[in-house]
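Summary of structural features
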Amino acid sequence: MTDFREDGAAALEWAARYLERVDELPVLARVEPGELAARLPLSAPEEAEPFAHVLRDLDELILPALTNWQHPRFFAYFAVSASEPGILAELIAATLNQVALVWRASPASTELELRTVDWVRQLLGLPEGWHGHIEDTASTSTLAALIAARHVTGRNATVFSEHAHSSVEKDARMLGMEIRKVPVDENLAMRTDDLDLSDVAAVVATVGTTSFASVDPVRELADRAHAAGAWLHVDAAYAGSAAILAENRWMLEGAERADSLVINPHKWLLVPMDCSLLWTSRPNEFREAFSLTPEYLRTSDYVDSLSDYGPALGRRFRSLKLWAVLRCYGAEGLRSIQREHMRLARLFADWVEADPDWELAAPLRFSLVVFRRKGTDEENEAILERANRSGEIFVSHTKLDGRYVLRLAIGNFRTTEADVRHAWDVLNR
Ligand SMILES: Cc1ncc(COP(=O)(O)O)c(C=O)c1O
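Residues numbered from 1 in each chain as written. Predicted model: local features only at pLDDT ≥ 70, side-chain atom pairs only at ≥ 80, totals over all residues. Heavy atoms only, no water.

Glancing now at the overall build of the chain. Summing up its helical and strand segments, the chain has 13 helices and eleven strands in all. The C-alpha radius of gyration computed for the chain amounts to 23 Å, which stays within 12% of the reference 22 Å derived for 429 residues, consistent with globular compactness. Projected onto its principal axes, the C-alpha coordinates of the chain cover approximately 60 × 55 × 45 Å. Buried positions account for 52% of the 429 residues belonging to the chain. Contacts spanning at least 24 positions in sequence make up 72% of the contacts within the chain whose residues lie at least 6 apart. Summed over its atoms, the accessible surface of the chain is roughly 19,300 Å², and 53% of this surface lies on carbon and sulfur atoms. Distance from the positive charge centre (46 side chains) to the negative charge centre (65 side chains) of the chain: 2 Å. (Helix = DSSP H or I, 4+ residues; strand = E, 2+ residues; numbered from the N terminus. Rg over C-alpha atoms; globule rule 2.2 N^0.38 Å. Buried < 20%, exposed > 50% of the residue type's maximum accessible area, 1.4 Å probe, protein only. Contact = heavy atoms within 4.5 Å. Areas by Shrake-Rupley, 256 points an atom, 1.4 Å probe, with all protein chains shown as cover. Lys, Arg positive; Asp, Glu negative; His and termini not counted. Charge placed at Lys NZ, Arg CZ, Asp CG, Glu CD.)

Each α-helix turn comprises 3.6 residues. Residues three or four places apart therefore point the same way. In this model helix H12 (residues 377-389) runs 18 Å from its N-terminal to its C-terminal C-alpha over 13 residues, within 8% of the 18 Å that 1.5 Å per residue would give. Along H12, the positions that sit buried rather than exposed are Asn380, Ile383, Leu384, Ala387 and Asn388. Taken down its axis, H12 places every buried residue within 120° of arc, on the same side. In H12, the exposed positions that point more than 90 degrees away from the buried face belong to Glu378, Arg386 and Arg389. As for H12, its buried residues are in contact with strand E8 (358-360), strand E9 (368-373), strand E10 (396-400), strand E11 (403-409) and helix H13 (417-428). (Expected span 1.5 Å × (residues − 1). Arc of directions from axis to C-beta.)

With that settled, consider the packing of aromatic side chains. Per the stated rule, a full pass over the model turns up 18 aromatic pairs. Look at Phe78 and Tyr238: their rings are 3.8 Å apart centre to centre, the planes differ by 10°, and that puts the pair in the stacked class. One end of the pair, Phe78, is in the loop between helix H3 (51-62) and helix H4 (84-96); the other, Tyr238, is in the loop between strand E5 (231-235) and strand E6 (260-263), and 160 residues separate them in sequence. Summarising the aromatic geometry, the rings of Tyr238 and Trp268 are spaced 5.2 Å apart at their centres and angled 15° between planes, so their arrangement reads as stacked. You can see Tyr238 sitting in the loop between E5 and E6 and its partner Trp268 sitting in helix H9 (residues 265-268), a full 30 residues away along the chain. Here Tyr238 and Trp268 have matching classes, each one buried. In this structure an aromatic cluster arises from ring pairing among Phe78, Tyr238, Trp250, Trp268 and Phe366. Sitting over the ring of Trp323, Arg327 keeps its end group 4.9 Å from the ring centre. Directly above the ring of Phe78 sits Arg407, whose terminal nitrogen or CZ lies 5.2 Å from the centroid. (Phe/Tyr/Trp six-rings, centres within 6.5 Å; stacked < 30°, edge-to-face > 60°. Lys NZ or Arg CZ within 6 Å of the ring centre and 35° of its normal.)

Bringing the layout of surface pockets into the picture now. The gaps left among the atoms become clear once a water-sized probe is rolled over them. Considered as a void within the structure, the second largest pocket measures approximately 220 Å³ in volume. Around the second largest pocket sit Arg39, Leu40, Pro41, Ser43, Ala44, Pro45, Glu49, His53, Val54, Asp57, Leu58 and Leu61, which together line it. Tallied by class, the residues present in the lining of the second largest pocket amount to seven nonpolar, two polar and three charged. (1 Å grid on protein atoms, 1.4 Å probe; cavity = no way out; pocket = protein on both sides within 12 Å on 5 of 7 lines; lining within 4 Å. Points joined across faces, edges and corners; volume = space filled by probe spheres on them. Nonpolar A, V, L, I, M, F, W, Y, C, P; charged D, E, K, R; others polar.)

Another point: the side chain of Thr192. Residue position: Thr192 is located in the loop between strand E3 (178-182) and strand E4 (200-206). A polar side-chain atom of Thr192 sits 2.9 Å from a polar atom in the side chain of Glu220. Ignoring sequence-local partners within four residues, the contact set of Thr192 consists of Pro217, Glu220, Leu221 and Arg224. (Polar contact = N/O pair within 3.5 Å; in protein donor to acceptor, adjacent residues only side chain to side chain.)

This part takes up the sheet that holds strand E2 (residues 157-161). Strand pairs in the sheet, formed through backbone hydrogen bonds, run parallel or antiparallel to each other. Read from one edge of the open sheet, seven strands run E1-E7-E6-E5-E4-E2-E3, paired in mixed fashion. If you trace the sheet from one side to the other, it starts and ends with strand E1 (131-135) and E3, each paired once. Direction aside, neighbouring strands of the sheet carry axes that sit 20° apart on average. Sheet analysis places E5 next to E6, joined by three bridges and oriented parallel. (Pairing = 2+ DSSP bridges. Axes fitted to C-alpha atoms, helices over the stretch in contact; angles between N-to-C directions.)

Across the interface, helix H6 (residues 138-153) lies against helix H10 (residues 283-290) with an axial gap of 9 Å and an inter-helix angle of 95°. Relative to H10, the element H6 lies roughly perpendicular. Taking contact as the criterion, the partners of Ala144, Ala145, Ile147, Ala148, His151 and Val152 in H6 are, on H10, Glu285, Phe286, Glu288, Ala289 and Phe290. Looking at the contact of H6 with H10 residue by residue, the class counts come to eight nonpolar, one polar and two charged. (Parallel < 35°, antiparallel > 145°, perpendicular 65-115°, else oblique.)

Quick look at the nonpolar core now. Counting 65 residues, the largest nonpolar core has Val203, Leu232, Leu261, Ile263, Leu277 and Trp279 as the members making the most contacts within it. Residue contributions to this core peak at six residues, all from helix H11 (residues 319-354). Grouped together as the second largest cluster of nonpolar side chains are 25 residues, Leu344, Val420, Ala423 and Leu427 included. (Core = buried A, V, L, I, M, F, W, Y, C linked by side-chain atoms within 4.5 Å.)

A regular strand carries its side chains on alternate faces of the sheet. For E5, a buried count of five out of five residues is recorded, marking the element as mostly surrounded by other parts of the structure. Along E5, one buried face is formed by Trp231, His233 and Asp235 and the opposite face, lined by Leu232 and Val234, is buried too. Bridge count between E4 and E5: five bridges; the pairing is parallel. Paired with Ala205 across the two strands is Val234, which belongs to E5. What joins E4 to E5 is helix H8 (residues 218-227), and the crossover it makes is right-handed. (Right-handed = clockwise from strand over helix to strand, strands pointing away.)

On to the sheet that holds E8, then. With antiparallel pairing, the four strands of this open sheet are ordered in space as E8-E9-E11-E10. Each edge of the open sheet carries a strand with a single partner, namely E8 and E10. Ignoring strand direction, the axes of neighbouring strands in this sheet form an average angle of 40°. Pairing geometry for E10 and E11, over five bridges, is antiparallel. Among the inter-strand pairings, Lys399 is bridged to a residue of E11, identified as Tyr404. H11 contacts E8, E9 and E11 of the sheet and is inclined by roughly 20° relative to E9.

Pasting the structure below:
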């Protein structure tokens, strides 16, 4: 059982201490598969335990098996960070435990979500009048978009670049849609010369691909998709957030003509996992695809409910953390963090370019550096393994034209120039 005040204070102290010392922990978990599982009881306790036991086991059992995403030298995948206002808002969201089935079930959750998502729309320069809501992940957001696209067009094929995120293919597969992957050009952007979209339900343009942060030609794809009666969905899960900077707005040129667009504030806007924003310029069609109100939820005060725009009925109060982060940083605070990340990425890329032993493998885009040591794939793989095993940094890899390349992604607001220098030193060591 718990004493909420006393245990709450201890939990908050644990959280604060964790964030203060996270840079002293290994970034990548140093456990073997099954090591934690072997230390966990096989069944739930019959008798109640004090919450203090949970906190104790957090240190003894859980901490060693964590890969520390909040670590300032986490440079793998897309680095993310949960800021303190977002963390506290999560505590409050759990406290309130709103289940926003329909407007009446949580007027606050419904209306705050609409307003905060619209704040982000404005910050990104997206068109007025778009309808936005929050899903858990970009995987779900894109799933919803494909469902709407199929509903509207009555067609079953999806088109996306060979470098689109695997979630797009997974979504299409789950829906039993036909998958058509399109090769990329020298800029790693989707080629458009051979596109026949006449029987296509949805084209998915990626703004900021996962491997290289490359940007598909959104305007041209919008023209082509609409001429052929297809839906255009833009997956800007990572890079889209960076359109809060005027200098990055180019990436969304043409996106004003999209039918739907997703960005993940849990990636580069300091909001704790999970928070994915999905807008549509065709809310009526979205509602047609998703709205299904059972009798027990029908009320005389029924207004648009956000469960009419996606798969889930019960919806978490996710907007609370987005609201807290937007207010406690302000748009200017978020812009200056992203600007610094892009500066740090440029700096690292400059070190790579200036060193005869290393090379950039793809053009620097946003805060992602794709690079390799001049040598074999095996050498690069060994460098990555050794660097990650050191616990000092965590970087990841991808393949470009069959070649093994390294990725350094900057996205944690705790990352400093010294951390980036540290990464360069570890890789060279
Ligand atoms: C471009 C892109 N789209 C989609 C995703 C999937 O995001 P989520 O984990 O929110 O489903 C990612 C993940 O990194 C991504 O980079």
